[in-house]
Amino acid sequence: MKLIALARLIRVRPTLPEITGPLQFRCFQPDFVPRDPKARPKRYKYPQSYDPYGPRPSPSDKIINLAEQIAALPPEERKQIGPTLADRLRHPKLQPISVEGIDLGQQGGGAAGTKVEEKKAEKTAFDVKLEKFDAAAKIKVIKEVRAFTSLGLKEAKELVEKSPVLVKQGVTKDEANDIIEKIKAAGGVAVME
């Protein structure tokens, strides 16, 4: 029994090449041909423009004449070609994409600017900003801020000490008025934005 345990301890562990097999370098592969160190790299000729679909056949005379006729049309009639072809070929009509609530920035044009002005007039989400507070009522204001923000004592204290600061964002008008009243009762001054 002791002899078997001793033989297991002395047994030679397999080395890494025995475990992984022959090394996986390219130069050890049977089909490897070494590169000539004096050889220059091959220079390939690349095409001027790359077309992933390959060479295309030239258009027929009928298509060329049609393209020339379309190019000769005035701009008003050229605008009518697309919808007319879509109807004629029975393509499905494209549905307009709604851009309400999306800020298009300067690209939106004049119509988007009027929509943004209407949105500002119909504001539904408000922010409550703590402007200032009495030094004597600081603890009461911190307690009120903790009540409606679910912050810890340390975070609420740091928030109140940074005033003027936004205390609550994206609340309805009624909630904002309630928060302002509570802060006012505690000894602070808050405004709705």
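Residues numbered from 1 in each chain as written. Predicted model: local features only at pLDDT ≥ 70, side-chain atom pairs only at ≥ 80, totals over all residues. Heavy atoms only, no water.

A. Molecular detail of the side chain of T149. Positionally, T149 belongs in helix α6 (residues 138-149). At 2.5 Å, the side chain of T149 forms a polar contact with the backbone oxygen of V145. (Helix = DSSP H or I, 4+ residues; strand = E, 2+ residues; numbered from the N terminus. Polar contact = N/O pair within 3.5 Å; in protein donor to acceptor, adjacent residues only side chain to side chain.)

B. Representation of the nonpolar core within the structure. Within the largest apolar cluster, 19 residues are counted, with the highest numbers of intra-cluster contacts made by V128 and V145. At the level of secondary structure, the elements contributing two or more residues to this core comprise β1 (126-133), α6, α7 (153-161), β2 (165-171) and α8 (173-186). By residue number, the principal contributor to this core is α8, which donates five residues. Leaving out residues up to four positions away in the same chain, V145 has contacts with A156, L159, V160 and V167. (Core = buried A, V, L, I, M, F, W, Y, C linked by side-chain atoms within 4.5 Å. Buried < 20%, exposed > 50% of the residue type's maximum accessible area, 1.4 Å probe, protein only. Contact = heavy atoms within 4.5 Å.)

C. View of the sheet that holds strand β3 (residues 188-192). Pairing within the open sheet is antiparallel, and its three strands lie in the order β2-β1-β3. Only two strands of the sheet have a single neighbouring strand rather than two, namely β2 and β3. Across this sheet, the average inter-strand angle for adjacent strands is 25°, counted without regard to direction. Here five bridges tie β1 to β3, and the two strands are oriented antiparallel to one another. When the sheet's bridge partners are listed, F133 is paired in β3 with G188. Here α6 sits on the sheet in contact with β1, β2 and β3, set at roughly 30° to β2. Sitting on the sheet, α8 is in contact with β1, β2 and β3, with an inclination near 165° to β3. (Pairing = 2+ DSSP bridges. Axes fitted to C-alpha atoms, helices over the stretch in contact; angles between N-to-C directions.)

D. Focus on α7. Taken together, the buried positions of α7 are occupied by A156, L159 and V160. For α7, the angular spread of the buried residues around the axis is 95°, confining them to a single face. Against the buried residues of α7 lie β1, α6 and β2. (Arc of directions from axis to C-beta.)

E. Broad picture of the pattern of salt bridges. Taken as a whole and judged by the stated rule, the model has three salt bridges. E193 is the partner of K129 in a salt bridge, and the nearest nitrogen-oxygen pair spans 3.7 Å. Here K129 is found in strand β1, whereas its partner E193 is found in the segment after β3, with 64 residues between them in sequence. Residue class for K129 comes out partly exposed when judged on its relative accessible area of 21%. Across the pair K157 and E161 runs a salt bridge, and its minimum N-O distance is 3.9 Å. One end of the pair is K157 and the other is E161, both in helix α7 and four residues apart, which spans about a single turn. With a relative accessible area of 40%, K157 lands in the partly exposed category. (Salt bridge = Lys/Arg side-chain N within 4 Å of Asp/Glu carboxyl O.)

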